[in-house]
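A closer look at the structure
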Amino acid sequence: MNDALTWILDAVGSVDPVVRTIIAGIGILLETSILVGLIVPGDSIVIVASTGVDSRIEYWSLVIAVIVGSLAGESIGFALGRFFGPRIRSSRLGRRIGEHNWVRAETYLARRGGIAVFVSRFLPVLHSLIPLTVGMSAMSYRRFISWTAPACVIWALAYVSIGSAAAGGYRELSDRLHYAGYLFVAVIVAFLLVVMLVRKLLARAEARHMRRTAGTADSDDDTV
């Protein structure tokens, strides 16, 4: 395990840090701007890139690149939704995404507003659809970016930190522990399980809120 993992980490580390950082930033940009995240998860790109971090400069450069890439991608997604939203939705790709997912994103945004923008960054499918959906809505770009920016910062810090910390810990222990590779894998898997749990809890909490909101709206309609 150690030999194979060392080879992989050395391969990632051998890539020029500037190139590695740019690739991560572009990967995240594409994830939220043109729905690439529905096919190639941006979190995988960031974790792989972060395993090559070898200094504080590289760490903060990668964090900043991921944040800037996220904000740029979501801004492009917003613009695409504002100017071409209905066309994208009715396109072949839009139909493959599924009308139920578009309706889900629209309903979620309509009922939760800015909170939907923030939370969606941590939810599958919605994190790629919400920027486009917001662009098709009446929400202003200023309000959109004010909600998505803190979510992008939290996301970037979490993923870059865990990838770089796990790889750094492995490099320190690999010469002394023959099972260091398993510890590395365990850390990454544990982090991904926590991410899945958080996503599940967020999705359940938001679903409960949506049901309560829908029930209140129905009661108001009956009263009128």
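The residue numbering used here restarts from 1 in each chain and proceeds along that chain's sequence as written. At least 70 in pLDDT is required for a residue's local features to be given in this predicted model, at least 80 for side-chain atom pairs to be given and counted, and no such filter applies to totals for whole chains, interfaces and linings, which use all residues. Where side-chain values are given, they derive from all heavy atoms of the structure, hydrogens and water being excluded.

To keep it simple, the criterion reads: UniProt positions are given in the numbering used here, feature names are shortened, and annotations may be inferred rather than shown by experiment.
Per an unreviewed UniProt entry, the chain is named DedA family protein, and its organism is Labedella gwakjiensis. The UniProt entry for the chain carries this comment under Subcellular location (unreviewed entry): "Cell membrane".

**Remarks on the nonpolar core**
Threshold: The term nonpolar core refers to a set of buried residues drawn from Ala, Val, Leu, Ile, Met, Phe, Trp, Tyr and Cys, joined through side-chain atoms within 4.5 Å. Throughout this description, buried means an accessible area under 20% of the type-specific maximum (1.4 Å probe, protein chains only), exposed means over 50%, and partly exposed covers the range between. What marks off one domain from the next here is an automatic or database domain assignment. Here a residue-residue contact requires only that any non-hydrogen atoms of the pair lie within 4.5 Å.
Among the nonpolar cores identified, the biggest contains 28 residues, and Val-46, Leu-62, Val-66, Trp-155, Tyr-159, Val-160 and Phe-184 are the most heavily contacted of them. Counting the residues that make up this core, at least three belong to each of domain 1 (2-174) and domain 2 (176-223). Those residues in contact with Trp-155 that sit more than four places away from it in its chain are Ile-28, Gly-42, Asp-43, Val-46, Val-66, Arg-121 and Phe-122. Listed in part, the 19 residues of the second largest apolar core include Phe-78, Leu-129, Ile-130 and Phe-144.

**Let's talk about the UniProt feature "transmembrane region" (unreviewed entry) in the chain**
Worth spelling out the cut-off: Labels follow the DSSP assignment, with helices taken as runs of H or I lasting at least four residues and strands as runs of E lasting at least two, numbered in each case from the N terminus.
When the UniProt feature table is mapped to this numbering, "transmembrane region" (unreviewed entry) covers residues 21-40, 60-85, 144-167 and 179-202. This span, residues 60-85, is 100% helix and 0% strand, and a straight line between its end C-alpha atoms measures 35 Å. With 100% helix and 0% strand, residues 144-167 has end C-alpha atoms that lie 35 Å from one another.

**Some remarks on the domain arrangement of the chain**
Rule in force here: Put simply, a salt bridge is a Lys or Arg side-chain nitrogen that is within 4 Å of an Asp or Glu carboxyl oxygen. Counted as a polar contact is a pair of N or O atoms within 3.5 Å, where, for protein atoms, one must be capable of donating a hydrogen and the other of accepting one, and residues adjacent in sequence contribute only when both atoms are in side chains.
Assigned domains within the chain: domain 1 (2-174) and domain 2 (176-223). Look at where the C-alpha atoms of domain 1 and domain 2 centre, and you get two points 17 Å apart. Counting from both sides, the interface comprises 24 residues of domain 1 and, opposite them, 21 residues of domain 2. A salt bridge links Asp-43 to Arg-199, with the shortest nitrogen-to-oxygen separation between them at 3.8 Å. In this structure, the connection of domain 1 to domain 2 is made through one residue pair in polar contact (both at pLDDT 80 or more). When residues of the side of domain 1 that touches domain 2 are traced back to their parent elements, those giving at least two are α1 (2-14), α3 (42-50), α6 (99-112), α7 (114-120) and α9 (141-173). Considering every element that reaches the side of domain 1 that touches domain 2, the biggest residue donor is α9, with eight residues.

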